Amino acid sequence: MPDYSLEGMNEVFAYVLSAVIGVAILVIIFKLISIPFAKRKR
Amino acid sequence: MIPEWIPEWLEEKDSYTPPSDGGAFYIRTIKSIGAAMSRLRIQRGHEKKYALPAIVKFILLVCAILLLSINHNGMIMLFFAAILQAYLCTWPAHDIWNILKASGAAGIIAFILFLPAMIILPQNISNNLAVVIKVFLSMEMLSIFNHTTQWNHITGALKKLHIPAIFIFTLDITLKYIVLLGTLIQDLLTSLELRSVGKNNKKYQSIGGVMGVTFIRGAEMSGEMYEAMCCRGFTDDYKE
C-alpha cells in the first residue's frame, strides 16, 4: 500500500487512519442528512 | 353592539402602495450584525455526567492545538483528524451540525485567504492545504471543548491557571453583554422597521437614535450590574 505512506511514515498505520476517517466522515454525513427528516416527523 | 350597516367609507377600496425606500441597506446591515451578535450564545452545549475536569480538558486542548500547529508531520495531522472525526460521529446530529458550522466557517475563511497563494505558487499547494486543514481541526477541537464544558467551569479552570481575575472578568462580562446588546439592537431596529412605512427621509436621525438608545442602555446596564454585584458581595475574585 505505498499510496498511503505520508513522508515515509508507516503505511499500514496511515492506511488504518484513513479508513477510520473515511468511516467517521460517512457517519457524520449521514447524520447531517437525517436532520431535516427528523424535524419533519415532529 | 354590532351595527347592521357598514359606513360607505369603509367599503371603499384603498390602493395605497408606499413609495419604495431605497437606501435601507445599512439598516439591514446593522440588523444582521445585531442578529449575529444575539445568536452568539455562550453555552448551548451539554456537559456529560462523568466529564473530565475543565482544567484537564483545557490543558489538553492547549497542548493538542500547539502540537498540531507546530508539527510538520502529516501523520500527526492524519491522527488528529481520525480521532476527532471518530469522536464527533458518536454525537447526536444537531450537535455535530453546530460544531461543523463553526469549524467549517473557519476552514473556508482560511481557504479563501490562501487561495491567491495557491494560484500564484502551485508547487506549495500541499503546504497551504495543510494549514487550512490544521485551522479546521483546531477550530473543531475548540468547539468540542466549548460544547462539552460549562462556561463557569471554564472560568474556574482559567482561575486555577493563575490568570488574573481582571482578564477573566472582562472576558466573562464581554461575552454576556455582547449577546444582550445584540438582542437590544435587533429589537430596536425591528420596532423602527415596523413603525416606518414607506419612504423615510430622516434615516440618519433614526440610526442615530438607535445607536444613542443602545449606548444609554449599555451605560444603564453597567450601572445596574455594578449595583447587583455589590449586593451579592462580589470581591473582584473568582472561585477556583
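Keep in mind it's a predicted model, so treat the numbers as computed, not measured.

Procedures and definitions
Residues numbered from 1 in each chain as written. Chains lettered and ligands numbered in written order. Predicted model: local features only at pLDDT ≥ 70, side-chain atom pairs only at ≥ 80, totals over all residues. Heavy atoms only, no water. Helix = DSSP H or I, 4+ residues; strand = E, 2+ residues; numbered from the N terminus. Buried < 20%, exposed > 50% of the residue type's maximum accessible area, 1.4 Å probe, protein only. Contact = heavy atoms within 4.5 Å. Areas by Shrake-Rupley, 256 points an atom, 1.4 Å probe, with all protein chains shown as cover. Expected span 1.5 Å × (residues − 1). Salt bridge = Lys/Arg side-chain N within 4 Å of Asp/Glu carboxyl O. Axes fitted to C-alpha atoms, helices over the stretch in contact; angles between N-to-C directions. Left-handed = near helix turned anticlockwise from the far one by under 90°. Nonpolar A, V, L, I, M, F, W, Y, C, P; charged D, E, K, R; others polar. Patch = residues over 30% accessible without salt bridge, like charges linked within 9 Å, V, L, I, M, F, W, Y side chains within 5 Å. Lys, Arg positive; Asp, Glu negative; His and termini not counted. Charge placed at Lys NZ, Arg CZ, Asp CG, Glu CD. Buried area = accessible area lost by both parts, 1.4 Å probe. Polar contact = N/O pair within 3.5 Å; in protein donor to acceptor, adjacent residues only side chain to side chain.

Notes on the overall build of chain B
Now for step 1: Looking only at helices and strands, chain B has 9 helices and 0 strands in total.
Now for step 2: Traced from its N-terminal end to its C-terminal end, chain B shows the element sequence α-α-α-α-α-α-α-α-α.
Now for step 3: In chain B, which comprises 240 residues, the proportion classed as buried is 33%.
Now for step 4: Put simply, 80% of the contacts in chain B that link residues at least 6 apart link residues at least 24 apart.
Now for step 5: Accessible area for chain B stands at about 16100 Å²; split by element, carbon and sulfur atoms hold 67% of it.

Some words on helix H4 (residues 74–88) of chain B
Now for step 1: When the terminal C-alpha atoms of H4(B) are compared, their 21 Å separation across 15 residues agrees well with the 21 Å that a helix rising 1.5 Å per residue should span.
Now for step 2: Along H4(B), the residues classified as buried are B:Gly74, B:Met75, B:Met77, B:Leu78, B:Phe80, B:Ala81, B:Ala82, B:Leu84, B:Gln85 and B:Leu88.

Some thoughts on the pattern of salt bridges
Residue and element names in this part refer to chain B.
Now for step 1: Using the criterion set out here, one finds 2 salt bridges over all chains in the structure.
Now for step 2: Between Lys-176 and Asp-172 there is a salt bridge, with the nearest N and O atoms lying 3.2 Å from each other. Placement of both Lys-176 and Asp-172 in helix H8 (residues 165–195) is noted, with a separation of 4 residues, approximately one turn of the helix.
Now for step 3: With a relative accessible area of 36%, Lys-176 lands in the partly exposed category.
Now for step 4: Note that Arg-217 is salt-bridged to Glu-220, the shortest N-O span being 2.9 Å.

Focus: the packing of H4(B) against helix H6 (residues 125–148) of chain B
Residue and element names in this part refer to chain B.
Now for step 1: Axis separation between H4 and H6 bottoms out at 11 Å; the angle between their running directions is 35 degrees. Between H4 and H6 lies a crossing of left-handed hand. Contacts between H4 and H6 pair Met-77, Phe-80, Ala-81, Leu-84, Gln-85, Tyr-87 and Leu-88 from the former with Ala-130, Ile-133, Lys-134, Leu-137, Glu-140, Met-141, Ile-144 and Thr-148 from the latter.
Now for step 2: Here the residues of the contact of H4 with H6 sort into 11 nonpolar, 2 polar and 2 charged.

Description of a negative patch on the surface
All names here are of chain B.
Now for step 1: On the surface, Glu-8, Glu-11, Glu-12 and Asp-14 cluster together to form a negatively charged patch.
Now for step 2: On the secondary structure map, Asp-14 appears in the loop between helix H1 (8–11) and helix H2 (25–39).
Now for step 3: For Asp-14, a relative accessible area of 76% corresponds to the exposed category.

Let's talk about the interface of chain A and chain B
Now for step 1: In this assembly, 19 residues from chain A lie in contact with 19 residues from chain B.
Now for step 2: Summed over both partners, the interface of chain A with chain B buries about 1600 Å², with 82% contributed by carbon and sulfur atoms.
Now for step 3: At the surface where chain A touches chain B, the tally comes to 2 residue pairs in polar contact (both at pLDDT 80 or more).
Now for step 4: Class assignment for the residues of the side of chain A that touches chain B results in 13 nonpolar, 3 polar and 3 charged.

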